[in-house]
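Here are the chains, one letter per residue:
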Amino acid sequence: MPDTDALDPEAEVVAVHQLLATWLGTAAKPDVLERFAATQHDTFSMVTTAGTRISQSELLAGLRRAGNSRPGLDIEISEVEVLLEEGQVTVVRFLERHHFDGKHSDRWTTAVLTAEAAPPRFRWRALHETQTTD
């Protein structure tokens, strides 16, 4: 995602979540969702805050239906911590704060990213979200 030759996990996390917030929070054109989808590996899966495991195709189908469903959504990323960088694999944990409708919800997220050489970029393999308690 970032336009540099060096892969930066924090910049990747922020950029992908900006795409997601734009898709869900504005009347964005379909290319925003396409750019978000392009960050994911074909084998991508995630565990939601509700504990449900969903595939890449299930996630993207849900997102296609959810465009601009949360007008004004902002996703703030903080406390990014690289847990592992080995070979082409990076594991990163971060705090997501979703601001919507005058409220916020927080979740800890752990993601497994793999690096591709040309062009240098990350592909998301797995994501696990855990809702925090306020």
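In this text, all values refer to a predicted model and were calculated from it rather than measured experimentally.

Student: Looking at this structure, I do not really get helix α1 (residues 9-25). What am I missing?
Tutor: What sets the pattern is the α-helix's 3.6 residues per turn: residues three or four places apart point alike. With 17 residues, α1 ought to run about 24 Å at 1.5 Å a step, and its terminal C-alpha atoms sit 24 Å apart, in line with that. Summarising burial for α1: 12 of the 17 residues are buried, a large majority. Where α1 is concerned, the buried positions are P9, E12, V13, A15, V16, H17, L19, L20, A21, W23, L24 and G25. If you check the start of α1, you find a side-chain oxygen 3.1 Å away from the backbone N of E10, and it comes from D8.

Student: In this structure, what is going on with the pairing of strand β3 (residues 74-86)? I would like to understand it.
Tutor: In the case of a regular strand, side chains alternate between the two sheet surfaces. Two elements, β3 and strand β4 (residues 89-100), share 10 bridges in a ladder whose sense is antiparallel. Its bridge partner lying in β4, I75 is registered against H98. Counted between consecutive antiparallel strands, the loop separating β3 from β4 contains two residues, among which G87 sits at a positive phi close to 60 degrees.

Student: What exactly am I supposed to notice about unusual backbone geometry here?
Tutor: Trans peptide bonds make up the majority, and among non-glycine residues the majority have a negative phi. One non-glycine residue with positive phi stands out, namely N68, at about 60 degrees. With respect to the helices, strands and loops of the structure, N68 is situated in the loop between α3 (56-65) and β3. Positioned with a positive phi, E79 is a non-glycine residue whose angle comes to about 50 degrees. Tracing the backbone shows E79 in strand β3. Residue E79 is classed as exposed on the basis of its relative accessible area, which comes to 51%.

Student: When you look at the packing of aromatic side chains in this model, what are you seeing that I'm missing?
Tutor: Centre-to-centre distance and the angle between the planes together describe a pair of aromatic rings. A full pass over the atoms with the stated rule returns zero aromatic pairs. Positioned above the aromatic ring of F100 is the side chain of R70, whose terminal nitrogen or guanidinium carbon lies 4.2 Å from the ring centre.

Student: Please explain the nonpolar core as it appears in this structure.
Tutor: Grouped burial of nonpolar side chains is what soluble globular proteins tend to show. Among the nonpolar cores identified, the biggest contains 29 residues, and F36, L63 and W124 are the most heavily contacted of them. Going through the elements one at a time, α1, α2 (30-37), β1 (40-47), α3, β3, β4, β5 (103-116) and β6 (121-131) are the ones with two or more residues in this core. Every residue in contact with L63, bar those within four places of it in the chain, is listed here: L20, W23, L24, L33 and F36.

Student: What is the right way to read the packing of α2 against α3 from this model?
Tutor: Each pair of packed helices can be described by the angle between their axes along with the distance between the axes. In the contact formed by α2 and α3, the axes pass within 11 Å of each other and the chain directions differ by 160 degrees. Accordingly, the angle class assigned to the pair α2 and α3 is roughly antiparallel. α2 and α3 meet at a crossing whose hand is right-handed. On α3, the residues touching L33, F36 and A37 of α2 are Q56, L59, L60, L63 and R64.

Student: How do you make sense of the packing of α1 against α2 when you look at a structure like this?
Tutor: Taken N-terminus to C-terminus, the directions of α1 and α2 make an angle of 150 degrees; their axes are 9 Å apart at the nearest point. Regarding α1 and α2, the two cross each other, and that crossing is left-handed. Touching V16, L19, L20, T22 and W23 of α1 are P30, V32, L33, R35 and F36, all from α2. When the residues that make up the contact of α1 with α2 are grouped by side-chain class, the tally is eight nonpolar, one polar and one charged.

Student: When you look at the pattern of salt bridges in this model, what are you seeing that I'm missing?
Tutor: Between side chains of opposite charge, pairing is possible as soon as their charged atoms come close. Here the structure, examined in full by the defined rule, presents five salt bridges. The shortest N-O distance in the salt bridge between R97 and D106 comes to 2.7 Å. By relative accessible area, which is 28% here, R97 ends up partly exposed. Linking E116 and R123 is a salt bridge whose minimum nitrogen-to-oxygen distance equals 3.2 Å.

The rules behind these values
- Residues numbered from 1 in each chain as written.
- Predicted model: local features only at pLDDT ≥ 70, side-chain atom pairs only at ≥ 80, totals over all residues.
- Heavy atoms only, no water.
- Helix = DSSP H or I, 4+ residues; strand = E, 2+ residues; numbered from the N terminus.
- Expected span 1.5 Å × (residues − 1).
- Buried < 20%, exposed > 50% of the residue type's maximum accessible area, 1.4 Å probe, protein only.
- Polar contact = N/O pair within 3.5 Å; in protein donor to acceptor, adjacent residues only side chain to side chain.
- Pairing = 2+ DSSP bridges.
- Phe/Tyr/Trp six-rings, centres within 6.5 Å; stacked < 30°, edge-to-face > 60°.
- Lys NZ or Arg CZ within 6 Å of the ring centre and 35° of its normal.
- Core = buried A, V, L, I, M, F, W, Y, C linked by side-chain atoms within 4.5 Å.
- Contact = heavy atoms within 4.5 Å.
- Axes fitted to C-alpha atoms, helices over the stretch in contact; angles between N-to-C directions.
- Parallel < 35°, antiparallel > 145°, perpendicular 65-115°, else oblique.
- Left-handed = near helix turned anticlockwise from the far one by under 90°.
- Nonpolar A, V, L, I, M, F, W, Y, C, P; charged D, E, K, R; others polar.
- Salt bridge = Lys/Arg side-chain N within 4 Å of Asp/Glu carboxyl O.

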